[in-house]
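Here is what each chain is made of, one letter per residue.
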Amino acid sequence: MAKPEGRAGWKRRIFEILEVLPVGDPVAMAVERAIVVLIVVNVASVVLETVPELRARYGGVFLAIEVGTVILFALEYVLRVWISDEHVPLKRYGRIGARLRYVVSAWAIVDLPALPPSLIGFAFGAYAVNAL
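Not measured: the values here are computed from a predicted model.

## Notes on the overall build of the protein chain
Along the protein chain, the regular secondary structure elements total seven helices and zero strands. Along its sequence from the N terminus, the protein chain presents helices and strands in the succession α-α-α-α-α-α-α. In the protein chain, 50% of the contacts between residues at least 6 apart in sequence involve partners at least 24 apart. For the protein chain, the exposed area adds up to about 8,600 Å²; of that, 71% sits on carbon and sulfur atoms.

Below, the structure is given as structure tokens:
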């Protein structure tokens, strides 16, 4: 794979990694697997945190997992919005129009509700705020 040059090159490469998943691309495969692992780790942490004994003993670990995964999921969401105008069907709407259409798409609507409760909780120091 050629090295991306400039902002447009990086944007296209991120699009390929997150959306196209080129066959045999080790970076794209690693990112896809990492996202799945993060989802599993996040869900497992939220579930295990409901057990009072585990929460008392590992509360700091659960918090670190939640903060880390929420930050990474938020970054992924922002990147997907940024690259949305690389989608062929959305290109005709321009940068802003493509992003707005992406934000109201089924995929984006599934991702978005999970982020605000945790981000708002972190902002106000209420770390036990989960969407699950």
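On we go from here.
## Concerning helix α1 (residues 6-20)
Its 15 residues place the ends of α1 20 Å apart at the C-alpha level, agreeing with the 21 Å of an ideal helix rising 1.5 Å per residue. Buried within α1 are the following residues: K11, R13, I14, F15, E16, I17 and L18. Phi turns positive, to about 50°, at L21, one or two residues after α1.

Criteria and thresholds
- Residues numbered from 1 in each chain as written.
- Predicted model: local features only at pLDDT ≥ 70, side-chain atom pairs only at ≥ 80, totals over all residues.
- Heavy atoms only, no water.
- Helix = DSSP H or I, 4+ residues; strand = E, 2+ residues; numbered from the N terminus.
- Contact = heavy atoms within 4.5 Å.
- Areas by Shrake-Rupley, 256 points an atom, 1.4 Å probe, with all protein chains shown as cover.
- Expected span 1.5 Å × (residues − 1).
- Buried < 20%, exposed > 50% of the residue type's maximum accessible area, 1.4 Å probe, protein only.

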